[in-house]
Number of protein chains: 2
Amino acid sequence: MNPVDPLSPLVLVVDDEPQMRRFLRASLGAHGYRILEAGTAAEAVMLAMSHNQAILLLDLGLPDADGIAVTRGLREWTQTPIVVISARGREDDKVAALDAGADDYLTKPFGVKELLARMRVALRHATPGTPQHELTFGARFIDLTRRVVTRDGVEIHLTPIEYKLLTLLARHAGKVLTHRQILKEVWGPGAVEQTHYVRVHMAELRKKLERDSARPEWLLTEPAVDYRMREP
Amino acid sequence: MNPVDPLSPLVLVVDDEPQMRRFLRASLGAHGYRILEAGTAAEAVMLAMSHNQAILLLDLGLPDADGIAVTRGLREWTQTPIVVISARGREDDKVAALDAGADDYLTKPFGVKELLARMRVALRHATPGTPQHELTFGARFIDLTRRVVTRDGVEIHLTPIEYKLLTLLARHAGKVLTHRQILKEVWGPGAVEQTHYVRVHMAELRKKLERDSARPEWLLTEPAVDYRMREP
DNA sequence: CGCGTTCTTGACGTTTTCTTGACGTGGCGG
DNA sequence: CCGCCACGTCAAGAAAACGTCAAGAACGCG
């Protein structure tokens, strides 16, 4: 799995020890996960709210709050799987964490392979039907897990290139992308000169997604540079 | 919770040691669970098919079959949570069991409180009130326990590969699956390049399941990506 | 061993998608 | 005002992907 593939699950790692974070970043990154890191409970909650991560790895020994309370707090508003990683191995700790809403509990030290296996379990539990990765633009939805795009509730068929192009722009919404960047990502590094490709396929995308393709609301042109998608 | 309340969760305990079963019967019974017991894999599968238990506690060291294989077999047709309880504590054993479809893995000896907590986690993961032993789409039914497919009430004979292909698509209804994913799941990781297989067998499936195989209503093609089953 | 079923493989026609070139439009500076 | 440049549009043909059929290999079973 490509590390920057938008379909690879986003993991929010919460641990105050930089060493542990480095370790997890390396291990998970090598297995195709995208990582988000937090060192405090406050940071963790903030990131959890602003990002649509697929799973959360939570250390209980945080400097600014009790991990059990953090878990309970998260469960008030999100169902993202939470795997607790803790140095505390007492049975009561496990029971408390699991009853607070955690989905699994691993005691340090643990094996990476077991962690990955338990993460896979947690990820496949994610209730089917609820997309973990969804992007919204106006009345348009991009369901990244199902690879389905809808507009006003109606499904829109996109060819592979159109879909790639759209997700690329959507992931970098608000940012201006140059021809070279787009061509490299969608067509591969060999086609960096074919600026024509982008124009043709962008036109096709606009026809399908914009109300009036002559006056685009979302897929905007940045003259002399290239394209940009409006932020939601 | 009243111990004899018919609404209390039914637990299928699979372990060949009578002592262990007695222990679990007592512990779980005291917490209001109803118990069903099996000492062999064959017994376990039979009971699992005839009863609608809420959760399954499975010992890996059974006399007549490998616990991993039992797990995999059960996962062909049921989504009942499976908590593995094993004396084997090696990381590879855990990974194998979890990847085979188990939802949790406890190493003997374990604390009852932890077991109960993990059972609560597994139970709250279970999709509320829907024991998925049957899939429906249109006038077609897939009975996963009996491995029988019907259309308009008439039974349809499917070859093993067709059945695998159909259940794969049906379980991921709505999601677009790439030919790589399909080939890996149905034919195994070695056949990832043989995109032809899918086309031929998909055609066969459509002939049997669709009214007009030229204009499929359920088994849809996603050009240049692969296939997708319409959601019910 | 012979039978029927299922799977693999190849060939070929059809459909969809991509590329490519021609041409139109509009802003901007000379 | 004109021409340049970058972008937008359209359509034709090439390329890739898909659907179908059928022959032969592999498999399981009596």
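Right above here is the structure, for reference.
Residues numbered from 1 in each chain as written. Chains lettered and ligands numbered in written order. Predicted model: local features only at pLDDT ≥ 70, side-chain atom pairs only at ≥ 80, totals over all residues. Heavy atoms only, no water.

Details of the nonpolar core
All names here are of chain B.
- The biggest cluster of nonpolar side chains holds 52 residues, and the ones touching the most others in it are Leu12, Val14, Ile142, Leu166, Leu169, Ile182 and Leu219.
- Ranked by the residues each element gives to this core, the list is headed by helix H6 (residues 160-171), at six residues.
- Shared between two domains, this core takes at least three residues from each, and those domains are domain 1 (10-126) and domain 2 (134-229).
- Apart from the residues within four sequence positions on either side, Leu219 is in contact with Leu166, Leu169, Met202, Leu205, Arg206, Leu209, Glu210, Arg228 and Met229. (Core = buried A, V, L, I, M, F, W, Y, C linked by side-chain atoms within 4.5 Å. Buried < 20%, exposed > 50% of the residue type's maximum accessible area, 1.4 Å probe, protein only. Helix = DSSP H or I, 4+ residues; strand = E, 2+ residues; numbered from the N terminus. Domains from an automatic or database assignment. Contact = heavy atoms within 4.5 Å.)

Here we look at the protein's contact with DNA strand C
- The immediate surroundings of DNA strand C are formed by 20 residues, with His157 and Thr159 of chain A together with His157, Thr159 and Tyr197 of chain B found nearest.
- Counting only atoms of DNA strand C within 4 Å of the protein, the sugar-phosphate share comes to 70%.
- Of all the secondary-structure elements, those providing two or more residues to the surface near DNA strand C are helix H6 (160-171) and helix H8 (195-209) of chain A together with H6 and helix H8 (195-209) of chain B.
- Of the residues contributing to the surface near DNA strand C, the split by class is 11 nonpolar, nine polar and no charged. (Near = heavy atom within 4 Å. Nonpolar A, V, L, I, M, F, W, Y, C, P; charged D, E, K, R; others polar.)

Quick look at the interface of chain A and chain B
- Of the residues lining the interface, 28 residues belong to chain A; the matching set on chain B comes to 30 residues.
- Across the chain A to chain B interface the summed buried area is about 2600 Å²; carbon plus sulfur atoms make up 46%.
- When the area that chain A buries against chain B is broken down by residue, the three leading residues are Glu91, His125 and Arg146 of chain A, summing to 20%.
- One salt bridge connects Lys94 of chain B with Glu114 of chain A, and the closest N-O pair in it is separated by 3.2 Å.
- Taken together, the links from chain A to chain B amount to 27 residue pairs in polar contact (both at pLDDT 80 or more).
- Looking at the side of chain A that touches chain B, the elements with two or more residues in it are helix H4 (91-100), strand E5 (104-107) and helix H5 (112-125) of chain A. (Buried area = accessible area lost by both parts, 1.4 Å probe. Salt bridge = Lys/Arg side-chain N within 4 Å of Asp/Glu carboxyl O. Polar contact = N/O pair within 3.5 Å; in protein donor to acceptor, adjacent residues only side chain to side chain.)

Focus on the sheet that holds E5 of chain A
All names here are of chain A.
- Spatial strand order, E2-E1-E3-E4-E5: five strands in an open sheet with parallel pairing. With one partner strand each, in any of the chains shown, strand E2 (34-38) and E5 form the two edges of the open sheet. Averaged over all neighbouring strand pairs, the angle between strand axes comes to 20°, with direction disregarded.
- The pairing of strand E1 (residues 10-14) with strand E3 (residues 55-59) spans four bridges and is classified as parallel. When the bridges of E3 are listed, Val11 appears paired with Ile55.
- Running over the sheet, helix H3 (residues 67-75) touches E3 and strand E4 (82-86) and is turned about 160° from E3.
- Across the sheet, H4 lies against E4 and E5, angled at about 150° from E5, the strand it touches most. (Pairing = 2+ DSSP bridges. Axes fitted to C-alpha atoms, helices over the stretch in contact; angles between N-to-C directions.)

With respect to helix H1 (residues 18-30) of chain B
All names here are of chain B.
- End to end, H1 covers 18 Å across 13 residues, agreeing with the expected 18 Å (1.5 Å per residue, within 8%).
- For H1, the full list of buried residues reads Met20, Arg21, Leu24, Ser27 and Leu28. Angularly, the buried residues of H1 cover 135° about the axis, an arc narrow enough to put them on a single face. Across from the buried face of H1, at angles greater than 90 degrees, the exposed residues are Pro18, Gln19, Ala26 and Ala30.
- Buried residues along H1 sit in contact with strand E1 (10-14), strand E2 (34-38), strand E3 (55-59), strand E4 (82-86) and helix H5 (112-125).
- In the segment just after H1, Gly32 is the residue with positive phi, at about 85°. (Expected span 1.5 Å × (residues − 1). Arc of directions from axis to C-beta.)

Here's the deal with the packing of helix H7 (residues 179-187) of chain A against H8 of chain A
Residues and elements named next belong to chain A.
- Remark: H7 packs on H8, axes separated minimally by 9 Å, with the N-to-C direction vectors making an angle of 80°. In terms of orientation, H7 lies roughly perpendicular with respect to H8. Across the interface between the two elements, His179, Ile182, Leu183 and Trp187 from H7 touch Thr195, Tyr197, Val198 and His201 from H8.
- Residue classes in the contact of H7 with H8 are distributed as five nonpolar, three polar and no charged. (Parallel < 35°, antiparallel > 145°, perpendicular 65-115°, else oblique.)

Some thoughts on the protein's contact with DNA strand D
- Near DNA strand D you find 18 residues, and of these Arg206, Thr221 and Tyr227 of chain A together with Arg206 and Tyr227 of chain B are the closest.
- By atom count, sugar and phosphate contribute 59% of the portion of DNA strand D lying within 4 Å of the protein.
- Within the side chain of Thr221 of chain A, a nitrogen or oxygen atom sits 2.8 Å from a phosphate oxygen of DNA strand D.
- One nitrogen or oxygen atom from the side chain of Tyr227 of chain A is found 2.6 Å from a phosphate oxygen belonging to DNA strand D.
- Only H8 of chain A together with H8 and strand E12 (226-229) of chain B provide two or more residues apiece to the surface near DNA strand D.
- The class makeup of the residues in the surface near DNA strand D is eight nonpolar, five polar and five charged.

A look at the packing of aromatic side chains
All names here are of chain A.
- For the structure on display, the rule yields four aromatic pairs over all chains.
- Summarising the aromatic geometry, the rings of Phe137 and Trp218 are spaced 6.0 Å apart at their centres and angled 75° between planes, so their arrangement reads as edge-to-face. Of this pair, Phe137 sits in strand E6 (residues 134-137) while Trp218 sits in the loop between H8 and strand E11 (219-222), placing them 81 residues apart in sequence.
- Phe137 gets classed as buried once you look at its relative accessible area, which sits at 3%.
- Assessed through its relative accessible area of 7%, Trp218 is described here as buried.
- Sitting above the plane of the Tyr163 ring, Arg147 keeps its charged end 4.4 Å from the centroid. (Phe/Tyr/Trp six-rings, centres within 6.5 Å; stacked < 30°, edge-to-face > 60°. Lys NZ or Arg CZ within 6 Å of the ring centre and 35° of its normal.)

Points about the environment of Arg124 of chain B
Residue and element names in this part refer to chain B.
- Mapping Arg124 onto the fold places it in helix H5.
- When its relative accessible area of 40% is taken as the criterion, Arg124 is described as partly exposed.
- Counting along the chain gives 53 residues from Arg124 to Leu177, while the straight-line C-alpha distance between them is 28 Å.

These values are about where atoms sit, not about what they do.
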